[in-house]
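Listed below, chain by chain, are the residues.
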Amino acid sequence: MNEIFIYSSKEHININGVSQWQSPSNIALVKYWGKKSNQIPMNPSLSMTLSNCFSKIKVSYQFEILKNDNIQFSLLFEGKREVSFESKLSIFLDRIKVYCPYLLNLKLIIESSNSFPHSSGIASSASFYSALSLSIMDIEKHLNSEIDDEFFLKKASFLSRLGSGSACRSIMGPVSLWGSSELFIDSNDFHAIKYPNKINSVFKGINDTVLIVDKGKKNVSSSLGHELMKDHSFSNDRIKQAHNNLFRIKNALENGNYDMFIEIVEMEALTLHAMMMTSNPYFILMKPNTLQIINEVWRYRIENHSKICFTLDAGANIHLLYPQNEYDKIQNFISSNLVNYCENDEFINDKIGVGPNKL
Ligand code: PMV
């Protein structure tokens, strides 16, 4: 499977140019947690692509005779050098050079910025690596104009995965599936696919408000979290649960069963945190205000017969998901109540989106 993504021409073509993309972050409904080697997930995951939380990237590339076996790059994040991003980027470029050997004869100048604050706790690696991989595919297309759109996106997703697993899902909106599942013929561990089944119109235009409970840097990296799943006592059961939740959410999405959707989304969020609490070493990623908000959301849902629910990433911030027809009421609930539990009263309104844009 991976061989099809190896660019094989040995010709050194003198090219230069600029590619610019905007690519969104995504929020998982069925969580990816735990990986085998080579960024292969332990279980399939399903996510929703966001609209307003995205990275913009500009890649300028210039032909340069190969100096050594490393891809030459410079990186500016919001106009400044960020040394901490550079080592992760080097690892990514090292992983992909076998698939994109033409990069060894180019000097890359990568400039990126995010639409959301860096300290907001929203994972920027998904939007960054998906945007970068799309620009790399532009370079490949410059060398081989015969690449069709399908291959372009598949390989972009494949490359993104090697930067950050969840990034591969940002390429295929609005709902994206990554990881092999017997329920979906084209699903696989190497790249994400656009969710192929019917989605009931009740889920159309679903909103995601991110409540910023803690702006601090995460104290546990997702890489460590994935690693801890390897020897986790509950990992086999978790993998079974993820497959079962994928089966159940597929039915919920098809039949418009919002209550079932809510149950699965919240269960997945709490399971992700439960796995962290029960690994060795163990961590608590929620803050007291995370729990306060969860309780407020549950109370509000019952009192108002609402379809609001929450999900979490590997951190303390909360993603509130709710249908468009409750937008005004829930914005009221946020500004009169939930905002009190947010750091500096901060929250970000977002909604489900279609995926990346070429700029
Ligand atoms: O892409 P990574 O390696 O940062 O992993 C992210 C994992 C979660 O965000 C916690 C869950 C998911 O499926 O996105």
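First, a word on what this report is: a plain description of the structure on this page. (Residues numbered from 1 in each chain as written. Predicted model: local features only at pLDDT ≥ 70, side-chain atom pairs only at ≥ 80, totals over all residues. Heavy atoms only, no water.)

1. Describing the side chain of Asp-208
With respect to the helices and strands, Asp-208 occurs in strand β7 (residues 207–211). With no salt bridge to any partner, buried Asp-208 finds its closest opposite charge in Lys-31, at an N-O distance of 8.8 Å. Among the polar contacts listed, one links the side chain of Asp-208 to the side chain of His-319, at a separation of 2.8 Å. (Helix = DSSP H or I, 4+ residues; strand = E, 2+ residues; numbered from the N terminus. Buried < 20%, exposed > 50% of the residue type's maximum accessible area, 1.4 Å probe, protein only. Lys, Arg positive; Asp, Glu negative; His and termini not counted. Salt bridge = Lys/Arg side-chain N within 4 Å of Asp/Glu carboxyl O. Polar contact = N/O pair within 3.5 Å; in protein donor to acceptor, adjacent residues only side chain to side chain.)

2. Some words on the site of the ligand
Taken together, 13 residues surround the ligand, and among them Tyr-32, Ser-164, Ser-166, Arg-169 and Ser-222 come closest. The side chain of Ser-166 places a nitrogen or oxygen atom 2.6 Å from an oxygen atom of the ligand. Here an oxygen atom of the ligand and a side-chain polar atom of His-226 are 3.0 Å apart. A total of 380 Å² of accessible area belongs to the ligand in isolation, and the protein chains cover 91% of it. Tallied by class, the residues present in the shell around the ligand amount to five nonpolar, five polar and three charged. (Near = heavy atom within 4 Å. Areas by Shrake-Rupley, 256 points an atom, 1.4 Å probe, with all protein chains shown as cover. Nonpolar A, V, L, I, M, F, W, Y, C, P; charged D, E, K, R; others polar.)

3. Some points on the pairing of strand β8 (residues 309–312)
Burial of the side chains of β8 extends over both faces: Cys-309 and Thr-311 are buried on one face and Phe-310 and Leu-312 on the other. Direction of pairing for β8 relative to strand β9 (residues 318–322): antiparallel, over a ladder of four bridges. Note that in β9 the partner of Leu-312 across the bridge is Ile-318. Hairpin connection of β8 to β9: five residues between the antiparallel strands. (Pairing = 2+ DSSP bridges.)

4. A short note on empty space enclosed by the protein
If you walk through the whole model with that rule in mind, you get one cavity of 30 Å³ or more. Reported here for the largest cavity is a volume of approximately 40 Å³. Glu-64, Ile-65, Leu-66, Lys-67, Asn-68, Asn-70, Gln-72, Leu-104 and Leu-106 together form the lining of the largest cavity. Partitioned by chemical class, the residues of the lining of the largest cavity number four nonpolar, three polar and two charged. (1 Å grid on protein atoms, 1.4 Å probe; cavity = no way out; pocket = protein on both sides within 12 Å on 5 of 7 lines; lining within 4 Å. Points joined across faces, edges and corners; volume = space filled by probe spheres on them.)

5. Describing the nonpolar core
Leu-89, Leu-103, Leu-108 and Ile-110 are the most contacted members of the largest nonpolar core, which totals 45 residues. At the level of secondary structure, the elements contributing two or more residues to this core comprise β2 (45–63), β3 (72–77), α1 (83–96), β4 (106–114), α2 (124–143) and α3 (149–163). Broken down by element, the residue count for this core peaks at 10 residues, all from α2. By size, the runner-up hydrophobic cluster in this structure holds 32 residues, among which are Ile-27, Phe-203, Leu-253 and Tyr-258. (Core = buried A, V, L, I, M, F, W, Y, C linked by side-chain atoms within 4.5 Å.)

6. Considering the pattern of salt bridges
A pair can form between side chains of opposite charge whenever their charged atoms are brought close. All chains considered together, the criterion is met by 15 salt bridges. With a shortest N-O distance of 3.7 Å, Lys-97 and Asp-69 are connected by a salt bridge. Of this pair, Lys-97 sits in the loop between α1 and β4 while Asp-69 sits in the loop between β2 and β3, and the two are 28 residues apart along the sequence. Between Arg-299 and Glu-296 there is a salt bridge, and its shortest N-O distance comes to 2.7 Å.

7. So, the environment of Glu-82
Among the structural elements, Glu-82 can be located in the loop between β3 and α1. Sequence separation of Glu-82 and His-226 is 144 residues, and the distance between their C-alpha atoms is 25 Å.

8. A look at the state of the cysteines
Summed over all chains, the structure comprises zero disulfides. Left unpaired, Cys-168 is separated from the closest cysteine sulfur, that of Cys-100, by 15 Å. Cys-309 forms no disulfide, and the closest cysteine sulfur to it belongs to Cys-342, at a distance of 17 Å. (Disulfide = S-S within 2.5 Å.)

9. Looking at unusual backbone geometry
Omega for the bond connecting Gly-173 with Pro-174 falls within 30 degrees of zero, at -5°, which places this linkage in the cis form. Examined against the element boundaries, Pro-174 turns out to sit in the loop between α3 and β5 (175–178). For the bond running from Asn-280 to Pro-281, omega is 0°, close enough to zero to count as cis. Counting through the fold element by element, Pro-281 comes out in the loop between α6 (258–277) and α7 (288–304). Backbone geometry places Glu-78, a non-glycine residue, at a positive phi of 50°. As for its placement among the helices and strands, Glu-78 is situated in the loop between β3 and α1. Taking relative accessible area as the criterion, Glu-78 reaches 40% and is therefore assigned partly exposed. In this structure, Asp-345 is a non-glycine residue whose phi angle is positive, near 60°.

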